[in-house]
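# Residue-level structure breakdown
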Amino acid sequence: MITEFGVELEDGRLLHAYDSGGDGPVVYWHHGTPNIGEPPAPLFEAADRLGLRWLSHNRPGYGASTADPGRTVGSVAADVAAVAEAAGVRRMAVMGHSSGAAHALACAALRPELVVAAVGISGLAPFELSAASGFDWYAGMSDGSAGSLRAARAGRAEKERHLAAATGEEDIGFLAADWEALQSDWAWFDEIVPAALLTGPGGLIDDDLANVGPWGFDPAAIACPVLLIHGAADRMVPAAHSAWTAAQIRGAELRLIPDAGHITAMRQGAAALAWIQEKGDGRSRPPANP
């Protein structure tokens, strides 16, 4: 059972958070765009079997979480620390999908005292850092995905204009298998996407502006164990993004899943949770003799 609660921050913002409870190792879930932060129901059975506890929140601008225009990807680290403190959690792993993958890595880089392991699935590479190294950030992206992110790179006004002009017929890069997953084992996405847009597109816009702007951290700074998973056939976010990011993080493990796309890569979620249990001890209780 998921308990929902609010966390008031020092700057007056409110975060809407989720907690599955229990005293097992904690996995902090970072949602994609546009999603709300409710932990991924298709992975509840695996998490229960492994004795894991979920913790998460809606990023600013989604649901009841106060908007925070101008936020960076790295801004999430302070918000997560506040939710963890409110929940009595001192150590945890982090896990994210799509744009949530970058937010999970932000916590690992900026809150090393809190994060013991990190998993990113179908995630983007940091635009400015990777482009500076010669990485072609848009290579292999579908026209719909690249167009949306190029609009964000041009600024808020252009992103708003692009979003308003969208017809819903754009090729965003999902495979036939992704669409099938959205009708079967990952139909959960069709519940959380509409919920994320109930209050308007603000959260989505702020997410994409953050995705293509300065992230506020360097993945190379991450010292904890990292696992990056990516569908080799993903056209929404090509697998080269995770390959570039993995190459920056000392000891990072990269798993490329043949024939998988942006959604079907999440079918590796149970394996990722097992990896977390092996690599990190994110228990909600502090050690007996720290």
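A quick note: this is a predicted structure, and the numbers were derived from the prediction, not measured. (Residues numbered from 1 in each chain as written. Predicted model: local features only at pLDDT ≥ 70, side-chain atom pairs only at ≥ 80, totals over all residues. Heavy atoms only, no water.)

### Overview of the overall build of the chain
The test is simple: Numbered from the N terminus, helices here are DSSP runs of H or I no shorter than four residues, and strands are runs of E no shorter than two. Two things to know: the radius of gyration comes from C-alpha atoms, and the globule rule equals 2.2 Å times the number of residues to the power 0.38. Under the scheme applied here, a residue whose accessible area is under 20% of the maximum for its type counts as buried, over 50% as exposed, and between as partly exposed, the area being computed with a 1.4 Å probe on protein chains only. Contacts are residue-level and defined by heavy atoms, with any inter-residue pair within 4.5 Å sufficient. Each accessible area is a Shrake-Rupley result for a 1.4 Å probe, and residues are judged covered by the shown protein chains and nothing else.
Helix and strand content of the chain: eleven helices and eight strands. The C-alpha atoms of the chain give 17 Å as radius of gyration, which agrees with the globular expectation for 290 residues (19 Å, within 12%). For the chain, the spread of C-alpha atoms along the principal axes amounts to about 55 × 40 × 40 Å. The buried share among the 290 residues of the chain stands at 54%. Put simply, 77% of the contacts in the chain that link residues at least 6 apart link residues at least 24 apart. With the model as given, the accessible surface of the chain reaches about 11800 Å², and the carbon-plus-sulfur share is 53%.

### Concerning the confidence of the model for the chain
Test applied: The pLDDT value tells you how sure the predictor is about a given residue, anywhere from 0 up to 100.
Scored by pLDDT, the chain comes out at a mean of 95, with 96% of its residues at no less than 70. Within the model, pLDDT remains below 50 along residues 282-290, and this stretch shows 22 contacts once partners closer than five positions in the same chain are excluded.

### Regarding the packing of helix α6 (residues 156-165) against helix α9 (residues 202-212)
Selection criterion: In this analysis an axis means a line fitted to C-alpha atoms, helices contributing only their contacting stretch, and an angle means the value between N-to-C directions, from 0 to 180 degrees. Angles are sorted into four bins: roughly parallel if under 35 degrees, roughly antiparallel if over 145, roughly perpendicular if 65 to 115, and oblique for all others. In a left-handed crossing the near helix is turned counterclockwise from the far helix by less than a right angle, and in a right-handed crossing that turn is clockwise. Only Asp, Glu, Lys and Arg are considered charged in this grouping, and only Ala, Val, Leu, Ile, Met, Phe, Trp, Tyr, Cys and Pro are considered nonpolar; every other residue, Gly among them, is considered polar.
Between α6 and α9, whose axes approach to 10 Å, the crossing angle comes to 130°. Of the possible angle classes, the one that applies to α6 and α9 is oblique. By crossing handedness, the relation of α6 to α9 is classed as right-handed. Along the contact surface, α6 presents Arg156, Lys159, Glu160 and Leu163, while α9 presents Leu204, Ile205, Asp206, Asp208 and Leu209. In terms of residue class, the contact of α6 with α9 is built from four nonpolar, no polar and five charged.

### Regarding the sheet that holds strand β4 (residues 53-57)
Sheet strands associate in pairs through backbone hydrogen bonding, adopting either a parallel or an antiparallel arrangement. For clarity, the cut-off: Pairing between strands is defined by DSSP: at least two bridges between them are needed.
Across the sheet, which stays open at both edges, the eight strands sit in the order β1-β2-β4-β3-β5-β6-β7-β8 with mixed pairing between neighbours. Taken across any chain shown, the strands that pair with only one partner, and hence form the sheet edges, are β1 (3-8) and β8 (253-257). In this sheet, neighbouring strand axes are inclined to one another by 20° on average, regardless of whether the strands run parallel or antiparallel. Contacts from helix α10 (residues 240-248) reach β7 (226-231) and β8, with the element oriented near 165° to β7.

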